[in-house]
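Residues per chain are reported as follows:
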Amino acid sequence: MNNFISFINKHKVVVFILIISSFLRFWKLVSLFHFTLDEELEAFIVKNIITGYHYPAIGVSVAPIGISLSPLFYYLAAIPFALGKLNPISWGITASLLGVVSTGMIYFSTQKMFTKRIALFTTLFYATSFLMVLYDKHFWNVTPMILVSVLTVLSLFNLLKGKFNWAIVLGGSLSVGLSSHLSTVSLVILVLFVFFYKKISLKNKQIGIGTGLILLSQAPLAIFEIRHNFYQTKALISFFNGPHSGINLTRILDNLELLPKVFSRLIYTFGPHDYAREHTYGIVEIAARDNRIPLIMILLSIFLLLFFILVSFRNRKNEGFFLHFWLLLITIFSLTFYGILFKGNVFEFYLEIVFPTLFLILGIFFDYILSLTKRVYVKTFIQIIILIMVLFNVQATLTAYHSYGLGVKLRLINFVKSYVGHNPYELHSIGVDHKYEGYRYLFGRFYKPPVKSYADSELSWLYQFKPRKNPVKLMVVITSTEPFYSNRIQEEKKLYNHLLKEAQFGEINVMIVQNPKFK
């Protein structure tokens with residue numbers, strides 16, 4: 001106990017930051033938890049693992065190439081899902097805990113590579129950033145990438161110091177990353193570059209173990225290929241021979257603009273702070289979100305990136321600067337190459353592996369500014385700026401909402417349950433946007449599965465019981481109250497002329513109607 005109290009007293013500032021990090025990440029977790037199509041797909045796959053219905057040999061799909069990653073992420077995701085009795089909020093708790101752990105790891109790694117003051121600044125900005133908190137509440141295949149990135153860089157740093165036991169940590173983190181998101185390729189390139197450039201000896205038992213972990217995590221893919229006549233290999237060849245491949249130079253500028261935009265949003269995210277608008281693939285909504293970023297913030301982000309490049313060049317013999325600089329450069333190059341060659345959209349979460357580096361740049365910048373002066377009033381002014389940045393982000397997090405969050409959807413399901421009762425029903429949706437998804441799993445988990453639904457065409461291959469072909473009397477129809485969809489919704493509503501009950505939850509409208517196909 002005395003040792004624990006001594007540790008708290010010695011690291012009280014860090015402990016305080018961790019408390020803030022925990023509070024923000026668990027704040028209104030149910031109402032702010034994001035559960036749509038991606039999460040629903042993962043929920044069905046992981047449920048089948050837990051119940052023993054199906055054990056997948058491939059994992060997350062890589063769009064638009066048509067191949068899949070290792071299934072390790074799904075098996076790891078099954079642990080908290082099983083403990084939570086298939087309740088998605090168990091994933092929300094897991095994501096938030098990982099965010100708090102990442103906060104602590106960022107402090108630990110930054111202090112080892114730089115200074116305590118830089119580590120404190122970096123950790124504080126990470127812990128309180130609205131956008132970072134938003135991502136740390138979200139559980140999906142991208143969730144582990146922050147921790148994977150931090151552990152990869154920290155492992156390389158220790159390997160450069162001759163601590164070869166960290167090769168096992170490196171192998172483990174890359175194994176998780178390679179089963180979670182394709183952006184891990186940037187980390188693999190960084191590792192290969194560092195090993196080659198710094199001439200790290202490969203004749204080491206720990207490096208062999210780390211390499212073995214990576215190969216073991218990829219073994220299911222090899223088994224899948226052999227059993228399915230090299231399906232993924234053929235898909236990759238087909239992609240390169242098809243109309244979707246080829247050089248697309250028009251994407252270069254868009255991809256290069258992404259980094260300063262993301263950096264700006266990590267510093268402070270302008271807008272209504274609606275999680276539904278932040279977690280989006282919609283091109284129109286992304287454009288509207290980006291248009292809210294003031295030009296001055298973009299310019300500031302570009303300045304900070306240039307500042308970091310200059311400082312890294314001056315401190316190129318410092319392993320910390322060396323590793324973070326090359327991680328940033330390799331990631332930019334890799335994503336630009338991906339966007340050009342594969343013509344795929346590059347979203348901001350593809351950059352999660354460099355989020356810790358971007359917060360580090362903020363920490364280094366403020367540390368540098370404070371080191372330029374000994375005047376108390378100047379230091380106080382800079383500290384006030386930092387405090388304002390933190391308070392603005394905290395205020396954004398505390399006042400944020402989710403128009404289509406899990407809390408809203410659960411209230412909708414309870415409403416349907418109270419009216420439909422034990423009767424069979426069909427589940428339908430007016431609309432095609434992501435915000436309409438996630439209901440098929442949630443109805444099955446918190447009420448009872450519909451006999452058929454709008455999601456069957458995409459998800460029925462994962463069901464343990466197949467959809468019913470014949471129509472039933474009751475239909476639950478989910479719509480939106482957004483003006484953007486009003487004309488289409490009104491037209492489609494005319495198809496349901498036997499309205500029995502209607503209610504609104506957030507921006508979701510639900511109708512219980514008599515099925516026009518039922519005889």
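Residues numbered from 1 in each chain as written. Predicted model: local features only at pLDDT ≥ 70, side-chain atom pairs only at ≥ 80, totals over all residues. Heavy atoms only, no water.

### Examining the overall build of the protein
A count of helical and extended segments in the protein gives 24 helices and seven strands. Relative to a compact globule of 519 residues, whose C-alpha radius of gyration would be 24 Å, the protein shows 25 Å and is just as compact. Based on the C-alpha atoms only, the size of the protein along its principal axes is roughly 80 × 60 × 60 Å. Residue pairs at least 24 apart in sequence account for 77% of intrachain contacts in the protein once pairs closer than 6 positions are excluded. Surface accessibility of the protein: about 24,200 Å² in total, with carbon and sulfur atoms responsible for 66%. When the 49 positive and 26 negative side-chain charges of the protein are each reduced to one mean point, those points stand 9 Å apart. (Helix = DSSP H or I, 4+ residues; strand = E, 2+ residues; numbered from the N terminus. Rg over C-alpha atoms; globule rule 2.2 N^0.38 Å. Contact = heavy atoms within 4.5 Å. Areas by Shrake-Rupley, 256 points an atom, 1.4 Å probe, with all protein chains shown as cover. Lys, Arg positive; Asp, Glu negative; His and termini not counted. Charge placed at Lys NZ, Arg CZ, Asp CG, Glu CD.)

### Let's talk about helix α4 (residues 37–51)
In this model, α4 (15 residues) spans 21 Å end to end at C-alpha, consistent with the 21 Å of a helix rising 1.5 Å per residue. Tucked inside the fold, the buried residues of α4 contact α5 (72–83), α6 (89–113), α22 (439–446) and α23 (456–459). After α4 finishes, the residue G52 shows a positive phi value of roughly 80 degrees. (Expected span 1.5 Å × (residues − 1).)

### Structural notes on the sheet that holds strand β6 (residues 499–505)
Strand order in the open sheet formed by five strands is β4-β3-β5-β7-β6, with mixed pairing between adjacent strands. The sheet is open, and its two borders are formed by β4 (452–453) and β6, each paired with just one other strand. Here β6 pairs with strand β7 (residues 508–514) via six bridges, running antiparallel. When the bridges of β7 are listed, F505 appears paired with I508. Running over the sheet, helix α21 (residues 406–420) touches β3 (425–429), β5 (474–480), β6 and β7 and is turned about 20 degrees from β7. Its contacts with the sheet put α22 on β3, β4, β5 and β7, and the angle it makes with β3 is roughly 150 degrees. (Pairing = 2+ DSSP bridges. Axes fitted to C-alpha atoms, helices over the stretch in contact; angles between N-to-C directions.)

### Overview of empty space enclosed by the protein
Evaluation of the coordinates by the stated rule reveals two cavities of 30 Å³ or more. For the largest cavity, the calculated volume is near 100 Å³. Lining the largest cavity are 13 residues, and of these S109, T110, V150, H324 and P356 lie nearest its centre. Mapped by element, the contributors of at least two residues to the lining of the largest cavity are α6, α9 (145–160), α18 (319–342) and α19 (355–371). Examining the composition of the lining of the largest cavity, we find that four residues originate from one element, α6, more than from any other. Its residues assigned to classes, the lining of the largest cavity comprises eight nonpolar, five polar and no charged. In terms of lining residues, the second largest cavity is bounded by F125, T128, S129, L266, I267, F359, L362, M389, V390 and N393. Among the elements of the structure, α7 (116–128), α14 (251–267), α19 and α20 (376–398) are those that each provide at least two residues to the lining of the second largest cavity. No other element matches α20, which puts three residues into the lining of the second largest cavity. (1 Å grid on protein atoms, 1.4 Å probe; cavity = no way out; pocket = protein on both sides within 12 Å on 5 of 7 lines; lining within 4 Å. Points joined across faces, edges and corners; volume = space filled by probe spheres on them. Nonpolar A, V, L, I, M, F, W, Y, C, P; charged D, E, K, R; others polar.)

### Considering the pairing of β3
The buried count for β3 comes to five of five residues, which makes it a mostly enclosed element. Of the two faces of β3, the one holding Y425, L427 and S429 and the one holding E426 and H428 are both buried throughout. Summarising the sheet, β3 and β4 pair through two bridges and their orientation is parallel. Of the residues in β4, the one forming a bridge with L427 is S453. (Buried < 20%, exposed > 50% of the residue type's maximum accessible area, 1.4 Å probe, protein only.)

### So, a nonpolar patch on the surface
Among the surface-exposed residues, L295, I296, L299, I302, L306 and I309 lie close enough to one another that they form a single nonpolar patch of about 590 Å² accessible area. Locating I309 in the fold gives a position in helix α17 (residues 295–314). (Patch = residues over 30% accessible without salt bridge, like charges linked within 9 Å, V, L, I, M, F, W, Y side chains within 5 Å. Salt bridge = Lys/Arg side-chain N within 4 Å of Asp/Glu carboxyl O.)

### Re the nonpolar core
If you look at the biggest cluster of nonpolar residues, it comprises 147 residues, and the most contacted ones within it are L156, F355, L358, I364, F366, V416 and F443. Each residue touching L358, except ones within four places of it in the same chain, is listed here: L259, F263, L266, L305 and L328. The next biggest cluster of nonpolar side chains, apart from the first, holds five residues, and it includes M475, V477, M511 and V513. (Core = buried A, V, L, I, M, F, W, Y, C linked by side-chain atoms within 4.5 Å.)

### Here we look at α21
In a regular helix each residue adds 1.5 Å, so 15 residues correspond to 21 Å; α21 covers 21 Å between its end C-alpha atoms and thus fits that length. Of all the positions in α21, only L406, G407, V408, K409, L410, L412, I413, F415, V416 and V420 are classed as buried.

### Some words on the packing of aromatic side chains
This structure, assessed with the given rule, holds 34 aromatic pairs. A centroid spacing of 5.4 Å and a plane angle of 90 degrees characterise the contact between F307 and F365, whose relative ring orientation is edge-to-face. In this pair, F307 sits in helix α17 while F365 sits in helix α19, placing the two residues 58 residues apart along the sequence. By the ring-pair criterion, three or more aromatic residues cluster together here, those being F35, F44, F73, Y74, F81, W91, F139, Y441 and Y463. The positively charged end of R316 is found above the aromatic ring belonging to F313, 4.4 Å away from the centroid. Just above the ring of Y463 sits the side chain of R440; from NZ or CZ to the centre is 4.2 Å. (Phe/Tyr/Trp six-rings, centres within 6.5 Å; stacked < 30°, edge-to-face > 60°. Lys NZ or Arg CZ within 6 Å of the ring centre and 35° of its normal.)

### So, the environment of I332
Take I332: it is sitting in helix α18. Between the C-alpha atom of I332 and that of L216, which follows or precedes it by 116 residues, the distance is 29 Å. Among residues more than four places away in sequence, those in contact with I332 are L256 and L259.

### A short note on the pairing of β5
Within β5, seven of the seven residues are buried, leaving the element largely enclosed by the surrounding structure. On β5, burial covers both faces: L474, V476, I478 and S480 on one face and M475, V477 and T479 on the other are all buried. Pairing between β3 and β5: five bridges, direction parallel. Note that in β5 the partner of S429 across the bridge is I478.

### Focus on the side chain of S129
Assignment of secondary structure puts S129 in the loop between α7 and α8 (130–136). At 2.8 Å, the side chain of S129 and the backbone oxygen of L266 are in polar contact. When neighbours within four sequence positions are excluded, S129 is seen to be in contact with L266, F359 and N393. (Polar contact = N/O pair within 3.5 Å; in protein donor to acceptor, adjacent residues only side chain to side chain.)

Keep in mind that these numbers describe shape and distance, not what the molecule does.
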